[in-house]
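Per-entry structural report
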Amino acid sequence: AQSVTQLDSQVPVFEEAPVELRCNYSSSVSVYLFWYVQYPNQGLQLLLKYLSGSTLVKGINGFEAEFNKSQTSFHLRKPSVHISDTAEYFCAVSDIRSGGSNYKLTFGKGTLLTVNP
Amino acid sequence: DGGITQSPKYLFRKEGQNVTLSCEQNLNHDAMYWYRQDPGQGLRLIYYSQIVNDFQKGDIAEGYSVSREKKESFPLTVTSAQKNPTAFYLCASSTGLASTGELFFGEGSRLTVL
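Residue and element names in this part refer to chain B. Evaluation of the coordinates by the stated rule reveals 2 disulfides over all chains. With a sulfur-sulfur separation of 1.9 Å, Cys 23 is cross-linked through a disulfide to Cys 91. The sign of the -75 degrees torsion about the S-S bond sets the Cys 23-Cys 91 disulfide as left-handed. Here Cys 91 lies in strand β9 (residues 87–94) and Cys 23 lies in strand β3 (residues 19–25), a separation of 68 residues in the sequence. A relative accessible area of 1% places Cys 23 in the buried class. A relative accessible area of 0% means that Cys 91 is categorised as buried.

Below is the structure:
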């Protein structure tokens with residue numbers, strides 16, 4: 001079984017400051033990793049994903065994340081946030097099963113990022 | 001544009017009533033999912049379907065039922081047996097076989113039990 005821990009439930013920052021949202025996972029097999037963003041009363045939108053290759057992944061809206069296999073982490077970063085980045089962010093993992101079929105994502109509990117002026 | 005449509009967006013129901021949430025997709029995806037979202041608890045999987053006429057229970061299936069008669073549609077019924085049904089419900093889809101697990105989500109349905 002796999003699990004995802006988002007270490008901070010809330011992260012308040014000021015506009016134009018850098019931010020890091022932390023995510024750790026546990027799994028007995030290799031994984032794919034995802035970050036999703038959710039604006040109030042909306043569905044989830046994919047920010048970025050790590051499937052293989054370079055451990056630094058760039059996504060939409062200026063976000064990036066780094067996969068660290070030894071620390072089982074996939075932290076999300078942005079060098080300068082905007083008011084419009086205020087949202088809830090979810091880290092998710094799926095395991096790479098034989099045959100390449102994956103049917104379930106396991107989500108963390110989310111981190112609410114609040115960007116203040 | 002392709003996507004996932006959930007309806008209704010907001011729904012109120014009295015205790016003891018069943019209610020059905022609609023989910024339709026035109027992405028030609030094989031797999032579809034229902035998640036429940038409660039504040040501070042993330043997303044929890046209710047049911048998922050990998051192919052038409054087949055579906056499996058997720059982590060919190062009790063009090064819910066689904067059907068998958070068409071590839072495009074995966075309705076969720078919240079029955080009176082669900083003890084705490086007030087929540088935000090999200091439908092999602094993926095390509096299924098050989099998928100990386102990436103999900104595409106609808107806009108959600110918020111159910112409130114009065």
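A word on the sheet that holds β3(B). Residue and element names in this part refer to chain B. With antiparallel pairing, the 4 strands of this open sheet are ordered in space as β1-β3-β8-β7. On the outer flanks of this sheet lie β1 (4–7) and β7 (64–66), each paired with one strand and no other. Adjacent strand axes in the sheet meet at a mean angle of 20 degrees, parallel and antiparallel pairs treated alike. As defined by bridge partners, β1 adjoins β3 across 4 bridges and the pair is classed as antiparallel. Among the inter-strand pairings, Gln 6 is bridged to a residue of β3, identified as Cys 23.

The rules behind the values
Residues numbered from 1 in each chain as written. Chains lettered and ligands numbered in written order. Predicted model: local features only at pLDDT ≥ 70, side-chain atom pairs only at ≥ 80, totals over all residues. Heavy atoms only, no water. Disulfide = S-S within 2.5 Å. Helix = DSSP H or I, 4+ residues; strand = E, 2+ residues; numbered from the N terminus. Buried < 20%, exposed > 50% of the residue type's maximum accessible area, 1.4 Å probe, protein only. Pairing = 2+ DSSP bridges. Axes fitted to C-alpha atoms, helices over the stretch in contact; angles between N-to-C directions.

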